[in-house]
Amino acid sequence: MLQTFKYHAKNTRGEIVSGVIQADSESHAYKQLSMQGYFPMSIVQQSGRVEGGGKSFLKRFRVFATRKVSSRELAGFFEHFSVLLSSGFPLLRCLELIHKQIRNPILLNALDQIAKDIQVGMKLSESVSNFPIIFPATVGGAIQAGEASGKLDLIFAELAKSFEAEAELRSKIGSALVYPAFVCVFGIFTVFFVMTFIIPK
């Protein structure tokens, strides 16, 4: 039975949009919005009693306040996944164990839906592709190749290295921009000081 949910989400330009959507459940609504290219921040059922009012509100607030999944978080996710798979754990058990280690509620919601998709027979690559804001398009293709070759653990290890390298690059770029930003601010302050106090005298 379809239910109506009100949502707040970010579009691809980073703008916050809101509206209503009909879905079977909150997780299904989240999945639909993700497939449409939105980044859901809060989803609230419009009809019926909401169970656990206080906890539900806190959960929605946490989702609203949390930024998107970082490259370093994805690196840790895939590294952990690779270790568990190479140790012989089945796919769903891996997701269950990883779920206990994740703190980002956006990634947690995605993992919940991915686990449900796999339980009904969907491939991991297909389910992951339904979350393009969290997992880049290349991730789905890489996982599909791993499924075909039977070397999913090695693919996850490579993805972990790739996201870790991306995180390191972002960190270095941020550090490299600190000094130019300081020089720019200092220059603006100097010009302001000269124009305000020196030249008038």
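Here, every reference points to the structure presented above.
As a convention, each chain's residues are numbered from 1 in the sequence order in which they are written. pLDDT decides what is reported in this predicted model: residues at 70 or higher carry local features, side-chain atom pairs at 80 or more are listed and counted, and totals for whole chains, interfaces and linings draw on all residues regardless. Side-chain metrics rest on all non-hydrogen atoms present in the structure, leaving aside hydrogens and water.

(A) Structural view of the overall build of the protein chain. Elements are defined by DSSP. Helices are runs of H or I of four residues or more, strands are runs of E of two residues or more, and each kind is numbered from the N terminus. On a plain count of helices and strands, the protein chain comes out with 8 helices and 3 strands. Exposure categories follow from relative accessible area, calculated using a 1.4 Å probe and restricted to protein chains: below 20% of the type maximum is buried, above 50% is exposed, and the middle band is partly exposed. Burial status across the protein chain gives 33% buried among its 201 residues. Contact between two residues is taken to exist if any of their heavy atoms lie within 4.5 Å; hydrogens are not considered. Put simply, of all contacts in the protein chain between residues at least 6 apart along the chain, 51% involve residues at least 24 apart. Looking at the protein chain as shown, the accessible area adds up to about 12400 Å², and 61% of this sits on carbon and sulfur atoms. Shrake-Rupley sampling with a 1.4 Å probe provides the accessible areas, and residues are treated as covered by the protein chains on show and by no other component.

(B) Region of interest: the nonpolar core. With 44 residues, the main nonpolar core has Phe78, Ile114, Ile134, Phe135, Ile143 and Phe156 as its most contacted residues. Considering each element in turn, this core owes the most residues, 8 residues, to helix α5 (residues 105-119). Sequence-distant contacts of Phe135, that is, excluding residues within four places in its chain, are made with Leu74, Phe77, Phe78, Leu107, Ile114 and Val128. Throughout, nonpolar core names a set of buried Ala, Val, Leu, Ile, Met, Phe, Trp, Tyr and Cys residues whose side chains join them through atoms within 4.5 Å.

(C) Main features of the side chain of Ser125. Within the secondary structure layout, Ser125 lies in helix α6 (residues 124-128). The term polar contact refers here to a pair of N or O atoms within 3.5 Å; inside protein, the definition further demands a hydrogen-donor-capable atom paired with an acceptor-capable atom, and it admits residues adjacent in sequence only when both atoms are side-chain atoms. In this structure the side chain of Ser125 is engaged in a polar contact, spanning 2.8 Å, whose partner is the side chain of Glu147.

(D) Examining the environment of Arg93 more closely. Tracing the backbone shows Arg93 in helix α4 (residues 91-99). Since its relative accessible area comes to 31%, Arg93 is described here as partly exposed. Residues Arg93 and Ala115, spaced 22 residues apart in sequence, show a C-alpha to C-alpha distance of 9.5 Å.

(E) Inspection of the packing of α4 against α5 at higher detail. Lines are fitted to the C-alpha atoms to define the axes, a helix being fitted only along its stretch in contact, and any angle between axes, read from their N-to-C directions, falls within 0 to 180 degrees. Put simply, α4 and α5 touch, their axes get as near as 10 Å, and they point 165° apart. Judged by the inter-axis angle, α4 sits roughly antiparallel to α5. Here the hand of the crossing between α4 and α5 comes out left-handed. Contact with α4, carried on its side by Leu91, Leu92, Leu95, Ile98 and His99, involves Leu108, Leu111, Asp112, Ile114, Ala115, Ile118 and Gln119 of α5 and no other residues of that element. Under the scheme applied here, ten amino acids are nonpolar (Ala, Val, Leu, Ile, Met, Phe, Trp, Tyr, Cys and Pro), four are charged (Asp, Glu, Lys and Arg), and all others, including Gly, are polar. Taken together, the residues of the contact of α4 with α5 sort by class into 9 nonpolar, 2 polar and 1 charged. The scheme is simple: roughly parallel for angles under 35 degrees, roughly antiparallel for over 145, roughly perpendicular for 65 to 115, oblique for anything else. For any pair of crossing helices, the crossing counts as left-handed if the nearer helix is rotated counterclockwise from the farther one by less than a right angle, and right-handed if it is rotated clockwise.

(F) How the structure looks around the packing of helix α1 (residues 26-35) against α5. Interaxial distance between α1 and α5 falls to 10 Å at its minimum, and their mutual angle equals 105°. One finds that α1 runs roughly perpendicular with respect to α5. Only Ile106, Asn109, Gln113, Lys116 and Asp117 of α5 make contact with α1, whose side of the interface consists of Ser27, His28, Tyr30 and Lys31. For the contact of α1 with α5, the class distribution of residues is 2 nonpolar, 4 polar and 3 charged.

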